[in-house]
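Chain by chain, the residues run as shown.
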Amino acid sequence: MITDSLGRKADYLRLSVTDRCNCRCLYCMGPEEVPDGELLSLEQLLEIGRAAVACGVRKIRLTGGEPLTRPDILELCRGLNALPELKELCLTTNALLLPALAAPLREVGVQRLNLSLDTLRPERYAAITRLGRLEDALAGIRAAEEAGFSPLKLNVVLLGGFNTDEIPDFVALTREHPWEVRFIELMPMGPCAHWKKSCFVPGQTVLDLIPELEPVESAGVARRWRLPGAPGTVGLISPLSHAFCETCNRLRITADGRLKTCLHSREETDLRGLRGAALEETIRRALAAKPAGHRLTETGSQTARTMNRIGG
Ligand code: SAM
Ligand code: SF4
């Protein structure tokens, strides 16, 4: 197992496979795109996956942009799943393309899906995503369940003045479904870097609104609760109010091949063109210099990138 200079293990890679997306979420998507030729090729992505696993990574999450817009996504998943030491292959998606892809993704070895859904109201969904339709996202969620993905995690970004009145409706979903509904604090970066303060809602708001939630054990970065007797759980991911840098085990690789050891740092290591031992050595060196933590609440995010180029 590889550890950074502070002894934190680094076994989780979030691999952004594209910055392109079939949505334009207001808080996420920047105006610029990585030029076509600079997106990592299938071969480069597989080589990076192999090297990361050789360096100790045991879980890979594919993200984007929208990872399912990559025409070779199934081939990529099949190739990564063939790495014997990889324990978990997961993917984060807006669910819009899942009606056609959920079953094939399962066949090529994707084990878990995280689905993003910020509202349960059609007109709000259209407004926030600018291109998406709620009914397509809901059809995607159903397709994921039918394909056997369980437990599903639903990511809901808390957007002050936009969806906080829907917190009870999202929590109520956990009475009917064995899902983990995870409320995520909005991080000030890219298009939302300078949104007004009231847009940034602390996770605690969920607990204040739904006092009957009972704590259950945490899972990864999510602190978790449950409604009495409910099959599903409620998670809070609070990068601002409860930063989890001390236990951060993540590496990120951007759609254009830059390794980031901290989401909010400016530091990046260019992996493009590297292969074999040179690639592994570069990953190890970058990890050794992983920052102790971000200072999001004091300085804001230092990264110049928008979220669709990093992958969340
Ligand atoms: N397109 C896919 C999706 O939406 O699930 C994968 C990529 S998206 C960048 C990954 C996650 O990052 C989504 O759940 C999205 O809501 C979240 N996200 C984007 N910008 C964010 C921000 N500024 N703060 C917190 N979460 C953000
Ligand atoms: Fe696309 Fe996901 Fe960003 Fe929305 S949050 S614009 S779906 S990458």
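What counts, and where the lines are drawn
- Residues numbered from 1 in each chain as written.
- Chains lettered and ligands numbered in written order.
- Predicted model: local features only at pLDDT ≥ 70, side-chain atom pairs only at ≥ 80, totals over all residues.
- Heavy atoms only, no water.
- Near = heavy atom within 4 Å.
- Polar contact = N/O pair within 3.5 Å; in protein donor to acceptor, adjacent residues only side chain to side chain.
- Areas by Shrake-Rupley, 256 points an atom, 1.4 Å probe, with all protein chains shown as cover.
- Helix = DSSP H or I, 4+ residues; strand = E, 2+ residues; numbered from the N terminus.
- Pairing = 2+ DSSP bridges.
- Contact = heavy atoms within 4.5 Å.
- Axes fitted to C-alpha atoms, helices over the stretch in contact; angles between N-to-C directions.
- Salt bridge = Lys/Arg side-chain N within 4 Å of Asp/Glu carboxyl O.
- Buried < 20%, exposed > 50% of the residue type's maximum accessible area, 1.4 Å probe, protein only.

> Even after reading the chapter, I still don't get the site of ligand 1, so can you show me in this structure?
Lining the immediate surroundings of ligand 1 are 19 residues, of which Tyr27, Gly65, Glu66, Ser116 and Met187 lie closest. Within the side chain of tyrosine 27, a nitrogen or oxygen atom sits 2.8 Å from an oxygen atom of ligand 1. A distance of 3.2 Å is found between a nitrogen atom of ligand 1 and a side-chain nitrogen or oxygen belonging to glutamate 66. For ligand 1, whose free accessible area comes to 550 Å², the fraction covered by protein is 94%. When contributions to the shell around ligand 1 are tallied by element, the ones reaching two or more residues are β3 (88–93) and β5 (153–158).

> Would you mind showing me how to read the sheet that holds strand β7 (residues 214–219) here?
Where strands meet in a sheet, backbone hydrogen bonds hold them as pairs that are either parallel or antiparallel. An order of β7-β8-β9-β6-β5-β4-β3-β2-β1-β10-β11-β12 is seen for the twelve strands of this open sheet, with the pairing classed as mixed. On the outer flanks of this sheet lie β7 and β12 (269–270), each paired with one strand and no other. Of the strand pairs in this sheet, strand β1 (residues 12–16) and strand β2 (residues 59–63) are connected by five bridges, and their pairing is parallel. Considered in β2, the bridge of arginine 14 is made with arginine 61. Those strands touched by helix α1 (residues 42–54) are β1, β2 and β10 (250–253), and its axis lies near 170 degrees from that of β1. Along the sheet, helix α2 (residues 73–81) makes contact with β2 and β3, crossing β2 at roughly 175 degrees.

> Honestly, the pattern of salt bridges in this entry has me stumped. Any pointers?
Pairing is possible between side chains of opposite charge, provided their charged atoms come close. Here the structure, examined in full by the defined rule, presents 18 salt bridges. A salt bridge links arginine 50 to glutamate 280; the nearest nitrogen and oxygen atoms lie 3.0 Å apart. Remark: glutamate 280 occurs in helix α8 (residues 276–288) and arginine 50 occurs in helix α1; sequence separation between them is 230 residues. Using a relative accessible area of 27% as the deciding quantity, one classes arginine 50 as partly exposed. Two residues, aspartate 270 and arginine 272, come together in a salt bridge whose shortest N-O distance is 2.8 Å. For aspartate 270, a relative accessible area of 36% translates into the label partly exposed. Several salt bridges converge on common partners, so that one network encompasses Arg121, Arg124, Asp165 and Glu166.

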